[in-house]
Amino acid sequence: MFARLVRFSLGPGQRPAAQAVADGLAPLIAAQPGCATVTVFGDDRDGECGIFVLWDTEANAEAAARVIRPQLDQHLAGHVQGPPETRRFEVLSA
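Nothing here was measured: the structure is a model prediction, and the numbers come from that model.

Student: Even after reading the chapter, I still don't get helix 2 (residues 58-76), so can you show me in this structure?
Tutor: Three or four residues apart is the spacing at which side chains of an α-helix point the same way, because the helix has 3.6 residues per turn. Taking 1.5 Å of rise per residue, the 19 residues of helix 2 would be expected to cover 27 Å, and the 25 Å separating its terminal C-alpha atoms lies within 8% of that figure. Considered for burial, the residues of helix 2 that qualify are Ala61, Ala64, Ile68, Leu72 and Leu76. At the exit of helix 2 stands glycine 78, carrying a positive phi of roughly 80°.

Student: Which parts of the structure should I look at to understand the sheet that holds strand 1 (residues 2-9)?
Tutor: The strands making up a sheet are joined through hydrogen bonds of the backbone, oriented either antiparallel or parallel. The 4 strands lie next to each other as 2-3-1-4, forming an open sheet whose pairing is antiparallel. At either margin of the open sheet sits one strand with a lone partner, and together these are strand 2 (35-42) and strand 4 (85-90). In this sheet, neighbouring strand axes are inclined to one another by 15° on average, regardless of whether the strands run parallel or antiparallel. Strand direction decides the pairing type here: strand 1 and strand 4, joined by 6 bridges, are antiparallel. Residue pairing for strand 4: phenylalanine 2 is matched across the bridge by glutamate 90. Against the sheet, helix 1 (residues 15-30) touches strand 1, strand 2 and strand 3 (48-55), its axis set at about 175° to strand 2. Across the face of the sheet, helix 2 comes into contact with strand 1, strand 3 and strand 4 while running at roughly 15° to strand 1.

Parameters and conventions
- Residues numbered from 1 in each chain as written.
- Predicted model: local features only at pLDDT ≥ 70, side-chain atom pairs only at ≥ 80, totals over all residues.
- Heavy atoms only, no water.
- Helix = DSSP H or I, 4+ residues; strand = E, 2+ residues; numbered from the N terminus.
- Expected span 1.5 Å × (residues − 1).
- Buried < 20%, exposed > 50% of the residue type's maximum accessible area, 1.4 Å probe, protein only.
- Pairing = 2+ DSSP bridges.
- Axes fitted to C-alpha atoms, helices over the stretch in contact; angles between N-to-C directions.
- Contact = heavy atoms within 4.5 Å.

Geometric descriptors of this kind do not, in isolation, establish any biological role.
Structure below.
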């Protein structure tokens, strides 16, 4: 199992933009082959947000990233304070 973590900053008080990411991308991510779970999170006080996804295989995680990343970039365009940080991890315990 693999986890992908994407973190980004929208700035304080940007909950509508964060909610748009959650509403627009979470169902799309969940529909990708091999997606076990997707969680979108954020802190309205400082605008730090992220997406955490568990994947059954590294191959499915990478294939989904090629589909999802362009759409994530569209959602974040004009809202994000810097480029998103993306990391992939092997899950040690679930």
